[in-house]
Amino acid sequence: MLKKLLKYDLQYKFKILIIFYILSLFFSILTRIFFSIENSFIMNIIGQICSGVTISMMINIIINNLLRCFARFRTNLYSDESYLTHTLPIDKKTLYLSKILSSIISLFTSIIVIVITLFIAYYSKENIELLKNILLPIADIYNSTIISILLAFFFIFFLEFANALQCGFTGIILGHKMNNSKIAYSVLFGFVSYMIIQVFALLVIFLVALFNQDLMNLFITNQMINMDMVKVIIYMATSIYIVTLIAGYIINLKLFKKGVNVD
């Protein structure tokens, strides 16, 4: 049953997202083409316009991904459609797991498309050299490669948005326990839960900084960050987001199992 739920959830989300994927890739190709034409003022202007549209499409991919996930969660579990959903012989754990898994899959796919879009539009020897100069010191600290560092940053980026998604689900679950203004309360509770995670992450980093002067300098001075601290922050950010993601799943599942007030 989980496979069927995933199928319908993904169909709902990708039905719109695929349009933004195609547009993003299309304008990234145009950006590449027009920027490759040298010594032409007009072609450069058109390239700049295409570049702006490409960036806009990438932003729209993330925004629409989040909104489609929230809309599917609410529509399928709390609005008119939910009357049918809750009559199916499926436990609440499976229903919630389907929403989480489909959201993670769509978010991961969106990030992959964004990476491909960036590569198509902006890959050049000059940009690669610039990226190497920025990331090479970090890679040396890790005794790793630039590719590994990039993957680490994208993984943190993915975890950040995965937590934002789950905070949105928290908001919807709590908001629909209210008697009125459920959407407004959903937005409020979602925002509050997201801020709680950010404050928690900052608090953990601060507590660790009490035992590490270099890390504490980030709080009490404006000097440039030590490269060694980048390594620490990456490890900490990854750990914190994974912990909050797991904790959020457990909390949301318990709240969801307590009952659903259908509109």
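Check the entry above for the structure.
Residues numbered from 1 in each chain as written. Predicted model: local features only at pLDDT ≥ 70, side-chain atom pairs only at ≥ 80, totals over all residues. Heavy atoms only, no water.

Caption draft 1: Fine view of the environment of Ala-164. By the secondary structure assignment, Ala-164 is in helix H6 (residues 146-175). Ala-164 sits 83 residues away from Ala-247 along the chain, and the two C-alpha atoms are 13 Å apart. Those residues in contact with Ala-164 that sit more than four places away from it in its chain are Phe-70 and Tyr-194. (Helix = DSSP H or I, 4+ residues; strand = E, 2+ residues; numbered from the N terminus. Contact = heavy atoms within 4.5 Å.)

Caption draft 2: Molecular detail of the nonpolar core. If you look at the biggest cluster of nonpolar residues, it comprises 38 residues, and the most contacted ones within it are Phe-73, Tyr-78, Tyr-96, Leu-107, Ile-173 and Phe-256. Of all the elements in the fold, those that place two or more residues in this core are helix H1 (2-35), helix H2 (41-78), helix H4 (92-122), H6 and helix H9 (227-257). If sequence neighbours within four positions are ignored, Ile-173 has contacts with Phe-73, Tyr-78, Tyr-96, Asn-252, Leu-255 and Phe-256. Within the second largest apolar cluster, 8 residues are counted, among which are Ile-205, Leu-215, Met-216 and Met-236. (Core = buried A, V, L, I, M, F, W, Y, C linked by side-chain atoms within 4.5 Å. Buried < 20%, exposed > 50% of the residue type's maximum accessible area, 1.4 Å probe, protein only.)

Caption draft 3: Examining the packing of aromatic side chains more closely. Counted according to the given criterion, the structure contains 13 aromatic pairs. Plain terms: the ring middles of Tyr-96 and Phe-169 are 6.3 Å apart, the flat faces sit at 75 degrees to each other, and that makes the pair edge-to-face. Of the two residues, Tyr-96 sits in helix H4 while Phe-169 sits in helix H6, which places them 73 residues apart along the sequence. Take Tyr-96: its relative accessible area is 0%, and that puts it in the buried class. For Phe-169, a relative accessible area of 1% puts it in the buried group. Aromatic ring contacts, followed pair by pair, group Phe-70, Phe-73, Tyr-78, Tyr-96, Phe-169, Tyr-249 and Phe-256 into a single cluster. The side chain of Arg-68 reaches across the aromatic face of Tyr-12, ending 4.0 Å from its centre. (Phe/Tyr/Trp six-rings, centres within 6.5 Å; stacked < 30°, edge-to-face > 60°. Lys NZ or Arg CZ within 6 Å of the ring centre and 35° of its normal.)

Caption draft 4: Region of the structure containing the packing of H1 against H2. Relative to each other, H1 and H2 sit at 170 degrees, their axes nearing to 7 Å. As judged from the angle between their axes, H1 and H2 are roughly antiparallel. Of the residues assigned to the contact of H1 with H2, the class counts are 20 nonpolar, 12 polar and 5 charged. (Axes fitted to C-alpha atoms, helices over the stretch in contact; angles between N-to-C directions. Parallel < 35°, antiparallel > 145°, perpendicular 65-115°, else oblique. Nonpolar A, V, L, I, M, F, W, Y, C, P; charged D, E, K, R; others polar.)

Caption draft 5: Region of interest: the packing of H6 against helix H7 (residues 182-209). Closest axis-to-axis distance for the H6/H7 pair is 7 Å, and the angle between their directions is 140 degrees. The orientation of H6 with respect to H7, classified from their angle, is oblique. The two elements H6 and H7 cross, and the hand of that crossing is right-handed. Counted together, Glu-160, Asn-163, Ala-164, Cys-167, Thr-170, Gly-171, Ile-172, Leu-174 and Gly-175 of H6 and Lys-182, Tyr-185, Ser-186, Phe-189, Gly-190, Ser-193, Tyr-194, Ile-197 and Gln-198 of H7 form the full contact between these two elements. The residue makeup of the contact of H6 with H7, split by class, is 8 nonpolar, 8 polar and 2 charged. (Left-handed = near helix turned anticlockwise from the far one by under 90°.)

Caption draft 6: The layout of surface pockets, seen in detail. The space that makes up the largest pocket amounts to roughly 790 Å³. Around the largest pocket, the lining is made up of 21 residues, and of these Val-115, Phe-119, Leu-131, Leu-150 and Phe-154 lie nearest the centre. Mapped onto the lining of the largest pocket, the elements with two or more residues apiece are H4, helix H5 (125-142) and H6. The residue makeup of the lining of the largest pocket, split by class, is 18 nonpolar, 2 polar and 1 charged. In this structure, the second largest pocket spans a volume of roughly 350 Å³. Elements with a contribution of two residues or more to the lining of the second largest pocket: H2, H6 and H7. Among the elements that line the lining of the second largest pocket, the one with the most residues is H7, at 6 residues. Classifying every residue of the lining of the second largest pocket by side-chain character gives 10 nonpolar, 4 polar and 1 charged. (1 Å grid on protein atoms, 1.4 Å probe; cavity = no way out; pocket = protein on both sides within 12 Å on 5 of 7 lines; lining within 4 Å. Points joined across faces, edges and corners; volume = space filled by probe spheres on them.)

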